[in-house]
Amino acid sequence: MLFPVAGVQLPWPLVPTLGFMVGVLGGFWGIGGGWIMTPGLYVLGVPMNFAVGTSLAYILGQSVLASLRHREFGHVDVRIGFGLVGGMVVGTELGARFMEVLKRSVGVDRAVGPLYLVFLGAVGVLTLWESLRGSTLGGLPRSLRRFSVPPIIQTSEGRISLWPLSGAGVVVGGLVGVLGVGGGFVMLPVLIYLLGLPTHTAVGTSIFAVALTSTFATFSHSLKGNVDLEMALLLFSGAVVGTQLGAFATLRARGAQIRFGFGAMVCATFLSMILKLVGFGEVAPWVLLGTAALMSSVALSFLLRPENAGEIKDGKG
């Protein structure tokens, strides 16, 4: 199927299938899925600027569905979500403008590809290490809670200054604008490890913040000509079902299981990007899509477990 805006031709069944798999994982992990979708489109041959913009358009629809479902489950802390969004909007616009500078200078593919590797590698190794150890990262959550410079907001997990939330939002928003991610793959570790939220609450709050921020990010990239709407709609058609199933699966999974699968998928995406950048472009899609298929199947397998099985606490469970 030809996508004239992006200037690429892809097998049409592959596009909604990719949307379905990323939808399952996005609903399960509380992410927009852009850190899978953007590299996925890129290794399939979509130019990086269109992979970024189209991924954000997909994330917008997928994250709205997931956040509504997690809201029903009581996994969303709205105050923390809104506290993050202000900084994320600022960071997103800065990132989108930086993308335009790259398009006119060194080139988006050359600059963004290595940047992806740095963040995917760091987040993947950190999450896998922590989930296997079954422990948290020292006293960081307590340190942030002692930061009491006004304004202070009351959350479901206690009182916290708005400044750490806004600062984290700016950093994550910058990654949204440059990398075409919903911010969830960075936001989820921030909420768990730095703010000390339980995994299930972090999942729901993360996807809520992603839904709000991706609305602005999609609009900004659309104005800059980086969105293939036809491709985004086809991706979203697969996500409609996948996102709902993934969100229900979190009710039956433990926190450490959610975090381990998240870290494994990040590492697989990291590997596929390396293969693409060093000249093994034929192998890269199989690594990423194969791992996404495996992880989405594992996530869906939790639907066969008894309801509320995931409520057993395991550290950050």
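In this numbering scheme, every chain counts its residues from 1 along its sequence in written order. Local features in a predicted model are, by the rule used here, given only for residues with pLDDT of at least 70; side-chain atom pairs are given and counted only at 80 or more, and totals for whole chains, interfaces and linings are based on all residues. Hydrogen atoms and water are omitted, and side-chain values are computed over all heavy atoms in the structure.

Colleague: Let's hear about helix α10 (residues 229-249): which residues, and what values?
Modeller: For α10, spanning 21 residues, the distance from its first C-alpha to its last is 29 Å, which sits close to the expected 30 Å at 1.5 Å a residue. Residue exposure (1.4 Å probe, protein chains only): buried if accessible area is under 20% of the type maximum, exposed if over 50%, otherwise partly exposed. The secondary structure listing takes helices from DSSP runs of H or I that are at least 4 residues long and strands from runs of E that are at least 2 residues long, numbered from the N terminus. Looking at α10, one finds that the buried residues are M231, A232, L234, L235, G238, A239, G242, T243, Q244, G246, A247 and A249. Between two residues, a contact is recorded if the distance between any of their heavy atoms is within 4.5 Å. Buried residues along α10 sit in contact with β1 (2-3), β2 (8-9), α1 (14-29), α2 (34-43), α3 (48-72) and α12 (284-301). If you check the start of α10, you find a side-chain oxygen 3.3 Å away from the backbone N of E230, and it comes from D228. Helix span, as expected, comes to 1.5 Å for every residue beyond the first. Under the rule applied, a polar contact is a pair of N or O atoms within 3.5 Å (in protein, one hydrogen donor and one hydrogen acceptor; residues adjacent in sequence only if both atoms are side-chain atoms).

Colleague: Explain the pattern of salt bridges to me, using residue names and the numbers behind them.
Modeller: Whenever Lys or Arg places a side-chain nitrogen within 4 Å of a carboxyl oxygen from Asp or Glu, that contact is recorded as a salt bridge. Per the stated rule, a full pass over the model turns up 3 salt bridges. Residue R69 is joined to E72 by a salt bridge in which the shortest nitrogen-to-oxygen separation is 3.0 Å. Residue R69 and its partner E72 are located together in helix α3, separated by 3 residues, close to a single helical turn. Judged by its relative accessible area of 21%, R69 falls in the partly exposed class. Residue E72 is classed as exposed on the basis of its relative accessible area of 58%.

Colleague: If you had to explain the environment of V5 to someone new, which residues and values would you point to?
Modeller: Position of V5 relative to the elements: it lies in the loop between β1 and β2. With 224 residues separating them in the primary sequence, V5 and L229 have C-alpha atoms 8.4 Å apart.

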